Amino acid sequence: MTHVDQPAPGVDQPLPAVTTDDGPPTWKDVVAAYVGLTKPRVIELLLLTTVPVMFFAARGIPDLMLVVWTVIGGTLSAGSASAYNCVYDRDIDEQMRRTRRRALPRHIVGARGALVFATVLAVLSTAILWWGVNPLSAGLSIGANAFYVFVYTMLLKRRTTQNIVWGGIAGCFPALIGWTAVTGELAWTPIVLFLVVFFWTPPHTWALALRYREDYANVDVPMLPVVKPAAEVGRQIVLYSWVMVATSLALWPIGDLGWFYPSAALVLGVVFLVEAHRMWGRAKGTESLSDIKPMRLFHHSNLYLSLLFVAVAIDPLITR
C-alpha cells in the first residue's frame, strides 16, 4: 500500500528530557503530566456512556450521590487503565507523532512512578465503587481495567488487525456499570447498549488509525489501515456502521422506550451512515488522506455516540 504521510523529522529518535527556562519541570508540569497519563478525553467519552444509562435505569433522575460515586470511581478506573497502557506502550509512544508528547516519552514521569500511580488509581476506584456503589459495579470495573491492559494492550494490539475489535470490549463496560450502579443487576437492556459501543468502536478507531497509519506502520502495530488499502478500511467501517445503527434501534423494543429515543437514533444513524458511505466513496481509488478526510468521520463518531446516549437519558424524562 502506498502511504502519503511521511514521518516527522527525527520521529525515530528519543525525545530529550523536558526542561523549562528555569531548569527541570516544575511541580505543575509534573501534575499535568500525571493527569495526562489518564487520557482525560477518553474518560469524558466513557462517562458519556455511563451517566445517561443511570438516568435510563432509574427511569428518571437517579440518586445524586450515587451518580457522584459512580463518576469518581469510573474516572479513576479508566484513568488507571490508561496509565497502565502508557507504561506498557512507552516504547512505541516515543516514536509516534500522535503520542510522542505524552509524559513518559518526554521523561517528565518515570515508568515506575507511572506504574505506582496507575495501581493507586485502580485500588481507589475499586474501593469507591465497592462501598459507594455496589460490589457488582466494582467487579465490572476491575474486569474492564484488566481486559484493556492484559487483553488489548499486552496481547492484541501489536499482534492482529482485530486488536481494537475485541480489545474495544473494555470501552463497552461503562454502559453495564451505569446500569448496575442503579439496579444492582444486569439485564438485556444494558447489554444492547454494550453492543452499540462494541460495533461503534471499529469505525471510530479505524478512522483515526487511517489518519495516523504511518505512525502505526513505523512501530509495527498492525492496525487495519496499515495492512489493508483505504478502500477496504472504508468498506469495513460501513459494515460495522450498519450493524451499529441496527443494534441502536433494537434498544427501542427491548428497553421499552418511548418515541424520543427511536426518533433520535434513526436520525443520528442515517447521518452516520451517510458520512461512512461518503468516506468509503472517497477512499475508492486513492490513498491520499487529504482526499479521504478520515478525521471527519472520527469527529462525527464522537458526536454520534454522545448524542445517542443523551437520547437514552432524555427519553424516560419526556415520554413517561
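What you are looking at is a predicted structure, and each value in this text was computed from that prediction instead of being measured. (Residues numbered from 1 in each chain as written. Predicted model: local features only at pLDDT ≥ 70, side-chain atom pairs only at ≥ 80, totals over all residues. Heavy atoms only, no water.)

Some words on the overall build of the protein chain
Now for step 1: Scanning the protein chain for helices and strands turns up 16 helices and zero strands.
Now for step 2: Relative to the 2.2 N^0.38 estimate, which gives 20 Å for 320 residues, the radius of gyration of the protein chain is 20 Å and therefore close to what a compact globule would have.
Now for step 3: When the backbone C-alpha atoms are referred to their principal axes, the protein chain occupies close to 60 × 50 × 35 Å.
Now for step 4: For the protein chain, the distance from the average position of its 25 positive side-chain charges to the average position of its 21 negative side-chain charges is 3 Å. (Helix = DSSP H or I, 4+ residues; strand = E, 2+ residues; numbered from the N terminus. Rg over C-alpha atoms; globule rule 2.2 N^0.38 Å. Lys, Arg positive; Asp, Glu negative; His and termini not counted. Charge placed at Lys NZ, Arg CZ, Asp CG, Glu CD.)

Side note on the confidence of the model for the protein chain
Now for step 1: Summarising the model, the protein chain shows a mean pLDDT of 91, and 92% of its residues fall at 70 or more.
Now for step 2: Within the model, pLDDT remains below 50 along residues 1–22, and this stretch shows 49 contacts once partners closer than five positions in the same chain are excluded. (pLDDT = per-residue confidence, 0-100. Contact = heavy atoms within 4.5 Å.)

Some words on the environment of Met-154
Now for step 1: Along the chain, the position of Met-154 falls in helix H7 (residues 135–156).
Now for step 2: On the basis of relative accessible area, Met-154 is assigned to the partly exposed category, the value being 32%.
Now for step 3: Along the sequence, Met-154 and Tyr-88 sit 66 residues apart, while their C-alpha atoms lie 7.6 Å from each other. (Buried < 20%, exposed > 50% of the residue type's maximum accessible area, 1.4 Å probe, protein only.)

A closer look at unusual backbone geometry
Now for step 1: Non-glycine residue Lys-39 carries a positive phi angle of around 55°.
Now for step 2: Relative to the elements of secondary structure, Lys-39 occurs in the loop between helix H1 (27–37) and helix H2 (40–47).
Now for step 3: Exposure remark for Lys-39: the relative accessible area of 13% places this residue in the buried category.
Now for step 4: Positive phi, close to 55°, is recorded for Asp-256, a residue that is not glycine.
Now for step 5: Take Asp-256: it is sitting in the loop between helix H13 (230–254) and helix H14 (260–283).
Now for step 6: Given a relative accessible area of 47%, Asp-256 falls into the partly exposed group.

Notes on the packing of H13 against H14
Now for step 1: Put simply, H13 and H14 touch, their axes get as near as 9 Å, and they point 175° apart. With respect to each other, H13 and H14 are oriented roughly antiparallel.
Now for step 2: Partitioning the contact of H13 with H14 into residue classes produces 20 nonpolar, five polar and one charged. (Axes fitted to C-alpha atoms, helices over the stretch in contact; angles between N-to-C directions. Parallel < 35°, antiparallel > 145°, perpendicular 65-115°, else oblique. Nonpolar A, V, L, I, M, F, W, Y, C, P; charged D, E, K, R; others polar.)

Structural notes on a nonpolar patch on the surface
Now for step 1: Together, Leu-64, Met-65, Val-68, Trp-69 and Ile-72 line one region of the surface with nonpolar side chains, adding up to about 430 Å² of accessible area.
Now for step 2: Mapped onto the elements, Val-68 comes out in helix H4 (residues 64–88).
Now for step 3: A relative accessible area of 30% means that Val-68 is categorised as partly exposed. (Patch = residues over 30% accessible without salt bridge, like charges linked within 9 Å, V, L, I, M, F, W, Y side chains within 5 Å. Areas by Shrake-Rupley, 256 points an atom, 1.4 Å probe, with all protein chains shown as cover. Salt bridge = Lys/Arg side-chain N within 4 Å of Asp/Glu carboxyl O.)

What about the packing of aromatic side chains?
Now for step 1: Under the counting rule described, the total for this entry stands at 10 aromatic pairs.
Now for step 2: Between Trp-206 and Tyr-240, the ring centres sit 5.5 Å apart and the planes meet at 80°, which makes this aromatic pair edge-to-face. On the criterion of sequence distance, the pair formed by Trp-206 in helix H10 (residues 188–211) and Tyr-240 in helix H13 is long-range, its members being 34 residues apart. As far as burial versus exposure is concerned, Trp-206 and Tyr-240 are alike and both buried.
Now for step 3: In textbook terms, an aromatic cluster arises when at least three aromatic residues are bridged by ring pairs, as seen for Trp-166, Phe-198, Phe-199, Trp-206 and Tyr-240.
Now for step 4: The ring of Tyr-212 carries Arg-98 above its face, with NZ or CZ at 5.9 Å from the centroid.
Now for step 5: Positioned above the aromatic ring of Tyr-212 is the side chain of Arg-211, whose terminal nitrogen or guanidinium carbon lies 4.7 Å from the ring centre. (Phe/Tyr/Trp six-rings, centres within 6.5 Å; stacked < 30°, edge-to-face > 60°. Lys NZ or Arg CZ within 6 Å of the ring centre and 35° of its normal.)

A few points about H4
Now for step 1: The terminal C-alpha atoms of H4, which comprises 25 residues, lie 36 Å apart, in line with the 36 Å expected from a rise of 1.5 Å per residue.
Now for step 2: One side-chain oxygen of the residue at the start of H4 lies 3.2 Å from the amide nitrogen of Met-65, identifying that residue as Asp-63. (Expected span 1.5 Å × (residues − 1). Polar contact = N/O pair within 3.5 Å; in protein donor to acceptor, adjacent residues only side chain to side chain.)

A few points about the side chain of His-204
Now for step 1: The residue His-204 is located in helix H10 in this model.
Now for step 2: Judged by its relative accessible area of 11%, His-204 is buried.
Now for step 3: Sequence-distant contacts of His-204, that is, excluding residues within four places in its chain, are made with Phe-298, Ser-301 and Asn-302.

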